[in-house]
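Remarks on the overall topology
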Amino acid sequence: MVCSGQAGHAGDSMQCSPLSQVQQRLQVGAPLPFNIRDHDQTLLLARGQRVQSAAQLQALLERGALVDIDELLSPVDRISRAAAAELPGLWHGCLEQVHQTLRSARDDGFSVALESASAPVLALVARDPDLAIFQVLRQGGNQHVDYGVNHSTHAAITAWLVAQRLGWSADESQRAFKAALTMNISMLELQGQLALQPMPPTEEQCAAIHAHPQFSRLMLEMTGVTDADWLRAVSEHHEAPDGSGYPAGLHGGSDLAALVRRADIYTAKISPRANRDAIAADKAGRMMFMQEPGHPMVAALIKEFGVYPPGCFVRLASGETGMVVRRGNTVVAPIVAVLGTRLGTALQRPERRDTSQKAFAVQGVLGGQNATPLAPAQLLAMLAC
């Protein structure tokens with residue numbers, strides 16, 4: 001059924017469903033999960049308002065009240081149906097929801113809220129992995145103050161992508177995402193402090209760092225998490241194969257913990273802190289490889305992100321500069337949106353370059369400080385290249 005008349009914009013129309021078909025989703029006295037409209041789209045009750053009585057609900061049904069079908073979609077459904085140009089904006093909202101959930105880890109209902117907040121992010125990662133990697137590389141907002149929640153989210157995205165590259169099942173990949181997302185749940189505020197302070201951690205901070213794997217596991221258990229593999233990965237994500245890790249000095253550990261640890265290390269390297277700049281993505285990848293040459297998880301990480309991942313600023317053989325926006329056919333030949341000419345002049349509109357062509361091969365990575373902040377319109381233009 002198509003509604004017509006006045007809506008959010010003149011001339012808009014929307015696909016509508018009779019309220020009677022979804023009345024099972026309503027509860028008298030509870031906040032409405034969607035807007036309720038009259039036959040001409042006039043708003044009768046807004047999302048979040050309440051139907052005060054059974055009589056009021058019956059009156060709405062009898063007058064033929066309607067609901068916009070789009071408002072009945074789950075966040076995951078909306079992501080699957082969204083146009084490509086809408087995805088960057090959806091990322092912003094979904095990440096903010098995850099961050100708010102992480103900050104409320106001590107509240108009742110945390111595990112349910114985490115599940116609800118995680119599903120849309122995983123849908124966005126699956127919908128466009130290049131744009132997901134872009135979120136990890138181009139870190140917006142107050143990077144240092146929000147370091148804890150940002151780092152956990154970036155590590156979680158990385159863990160899921162690498163798990164997929166390794167051929168892990170959907171359940172295993174989602175578990176990797178959740179374990180990485182919650183590995184530092186007990187020290188998010190401390191991470192923000194450490195990211196801001198130029199001096200090494202104090203003795204008290206070192207003690208908290210050493211204890212956080214077990215405290216994070218305990219917090220998750222108290223919120224109702226019962227998945228033994230998830231909990232084990234959180235408690236073991238700083239253990240090392242040679243026994244040099246912490247807190248227990250274990251030799252080895254679960255594969256899930258090993259993946260989370262490597263996602264943690266890689267995303268920490270490419271994140272800036274008060275006492276150092278972010279390590280360039282190509283250098284971070286080389287460091288990971290040199291530390292564990294031939295390890296399948298490291299190889300999968302490097303292959304998934306590429307040497308020059310989306311969000312990385314580069315200089316080309318042509319002398320032009322730009323941002324990587326898509327991975328290419330090989331790890332060293334991404335698609336780049338050129339932002340500046342070889343003379344240093346900024347382009348009004350980005351131009352696409354395939355760096356598998358010799359004339360446009362990547363010659364090196366530029367620090368983020370060399371780039372002009374990008375407006376959303378520019379970002380959309382680049383991603384459409």
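Just above, that's the structure.
Summarised in this report is the structure supplied together with it. The shown structure was predicted, so the numbers you read here are calculated from the model rather than taken from an experiment.

What counts as what
Residues numbered from 1 in each chain as written. Predicted model: local features only at pLDDT ≥ 70, side-chain atom pairs only at ≥ 80, totals over all residues. Heavy atoms only, no water. Helix = DSSP H or I, 4+ residues; strand = E, 2+ residues; numbered from the N terminus. Buried < 20%, exposed > 50% of the residue type's maximum accessible area, 1.4 Å probe, protein only. Pairing = 2+ DSSP bridges. 1 Å grid on protein atoms, 1.4 Å probe; cavity = no way out; pocket = protein on both sides within 12 Å on 5 of 7 lines; lining within 4 Å. Points joined across faces, edges and corners; volume = space filled by probe spheres on them. Nonpolar A, V, L, I, M, F, W, Y, C, P; charged D, E, K, R; others polar. Axes fitted to C-alpha atoms, helices over the stretch in contact; angles between N-to-C directions. Parallel < 35°, antiparallel > 145°, perpendicular 65-115°, else oblique. Left-handed = near helix turned anticlockwise from the far one by under 90°. Contact = heavy atoms within 4.5 Å. Phe/Tyr/Trp six-rings, centres within 6.5 Å; stacked < 30°, edge-to-face > 60°. Core = buried A, V, L, I, M, F, W, Y, C linked by side-chain atoms within 4.5 Å.

This brings us to the environment of R261. Among the secondary structure elements, R261 is positioned in helix α11 (residues 255-269). For the pair R261 and A180, spaced 81 residues apart in the sequence, the C-alpha separation amounts to 8.2 Å.

As a further point, take the pairing of strand β7 (residues 321-326). Most of β7 is tucked away, with five of its six residues classed as buried. Where strand β6 (residues 313-316) meets β7, three bridges bridge the pair, whose relative direction is antiparallel. For F313, the partnering residue across the bridge sits in β7 and is M323. Connecting β6 to the antiparallel partner β7 that follows it, the hairpin turn spans four residues, and G319 within it adopts a positive phi of roughly 90 degrees. Two strands pair when backbone bridges link them, and β7 and strand β8 (residues 335-340) are joined in this way by five bridges, in the antiparallel orientation. In the strand pairing of β8, V324 is matched with V336.

The volume enclosed by the second largest pocket comes to roughly 630 Å³. Together, 26 residues line the second largest pocket, and H238, Y246, D264, A268 and R273 are the ones closest to its centre. Within the residue set of the lining of the second largest pocket, elements represented by two or more residues are α6 (147-165), α8 (188-196), α9 (203-222), α11 and α12 (281-291). Here the lining of the second largest pocket takes four residues from α11, the largest share from any one element. Classifying every residue of the lining of the second largest pocket by side-chain character gives twelve nonpolar, nine polar and five charged.

Here the focus is the packing of helix α7 (residues 170-182) against helix α10 (residues 228-236). In contact at an axis separation of 9 Å, α7 and α10 are set at 40 degrees when each is read in the N-to-C sense. For the element pair α7 / α10, the angle class is oblique. Classified by chirality, the crossing of α10 by α7 is right-handed. Every residue of α10 that contacts α7 at R175, K178, A179 and T182 is listed here: D229, W230, A233 and V234. Each residue belonging to the contact of α7 with α10 can be placed in one class, and the counts come to four nonpolar, one polar and three charged.

Attention shifts here to the packing of aromatic side chains. The final tally for this structure, using the stated rule, is one aromatic pair. Relative to F305, the ring of Y266 lies with its centre 5.2 Å away and its plane at 75 degrees, an arrangement referred to as edge-to-face. With Y266 in helix α11 and F305 in helix α13 (residues 296-305), this residue pair connects regions lying 39 residues apart in the sequence.

With 69 residues, the main nonpolar core has W91, L102, V121, V125, I157, F177 and Y266 as its most contacted residues. For Y266, the contacting residues outside a window of four places in its chain are T158, A281, A284, G285, M288, L301, F305 and P309. With 13 residues, the next largest nonpolar core counts F34, I36, L57 and L61 among its residues.

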